[in-house]
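# Per-entry structural report
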Amino acid sequence: SSGAHITSMYLLRRCEKPNFYSDHPKINLFIGFSGVYNVKKHYIYESWRGLHLVSPMGGAHGDEIEIFLDRSPSMILSKRISKEQAKHFPPSLLIHGLNDSVPFPT
């Protein structure tokens, strides 16, 4: 799941600054397996289950849970990426099982 999150964040950065990443290899397809795309929502879900006490996500935001909005691909895509910039995002397939009770089903 962290790989899907990190890769989607990288791809969104490429959308924001395509010229900066022009020397990077072209990515033709993104497949995300069980990724967390709304970090704030996932952290709240972890807290509800008591997992936030052992989650590395707790230390990632200090005392400000709102910082997760800037680390959430779904929020970045909906708030910061224009339609023109989104054209640089590769075709994507997001895979998430419904029988896995650990991650939040986003």
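From a predicted model like this one, the values you see are computed outputs, not experimental measurements. (Residues numbered from 1 in each chain as written. Predicted model: local features only at pLDDT ≥ 70, side-chain atom pairs only at ≥ 80, totals over all residues. Heavy atoms only, no water.)

## A closer look at the overall build of the chain
Along its length, the chain carries five helices and two strands. Of the regular secondary structure in the chain, the N- to C-terminal order runs α-β-α-α-α-α-β. Put simply, of all contacts in the chain between residues at least 6 apart along the chain, 70% involve residues at least 24 apart. For the chain, the computed accessible surface area is about 7,100 Å², with 60% contributed by carbon and sulfur atoms. (Helix = DSSP H or I, 4+ residues; strand = E, 2+ residues; numbered from the N terminus. Contact = heavy atoms within 4.5 Å. Areas by Shrake-Rupley, 256 points an atom, 1.4 Å probe, with all protein chains shown as cover.)

## Some details on the pattern of salt bridges
Taken as a whole, this structure holds five salt bridges when the rule is applied. Residues arginine 80 and glutamate 16 are paired through a salt bridge, measuring 3.0 Å at the closest nitrogen-oxygen approach. Taken together, the residues arginine 80 in the loop between helix H4 (73–79) and helix H5 (83–86) and glutamate 16 in helix H1 (residues 2–16) connect sequence positions 64 residues apart. Judged by relative accessible area, arginine 80 falls into the partly exposed class, the value being 35%. A salt bridge links aspartate 70 to arginine 80, with the nearest nitrogen and oxygen atoms 2.4 Å apart. Taken together, the residues aspartate 70 in the loop between helix H3 (57–61) and H4 and arginine 80 in the loop between H4 and H5 connect sequence positions ten residues apart. Owing to a relative accessible area of 32%, aspartate 70 belongs among the partly exposed residues under this scheme. (Salt bridge = Lys/Arg side-chain N within 4 Å of Asp/Glu carboxyl O. Buried < 20%, exposed > 50% of the residue type's maximum accessible area, 1.4 Å probe, protein only.)

## Examining the environment of lysine 17
With respect to the helices and strands, lysine 17 occurs in the loop between H1 and strand S1 (30–33). Accessibility expressed as a relative area gives 53% for lysine 17, which makes it exposed. Taking C-alpha positions, lysine 17 is 8.5 Å from glutamine 85, a pair spaced 68 residues apart along the chain.

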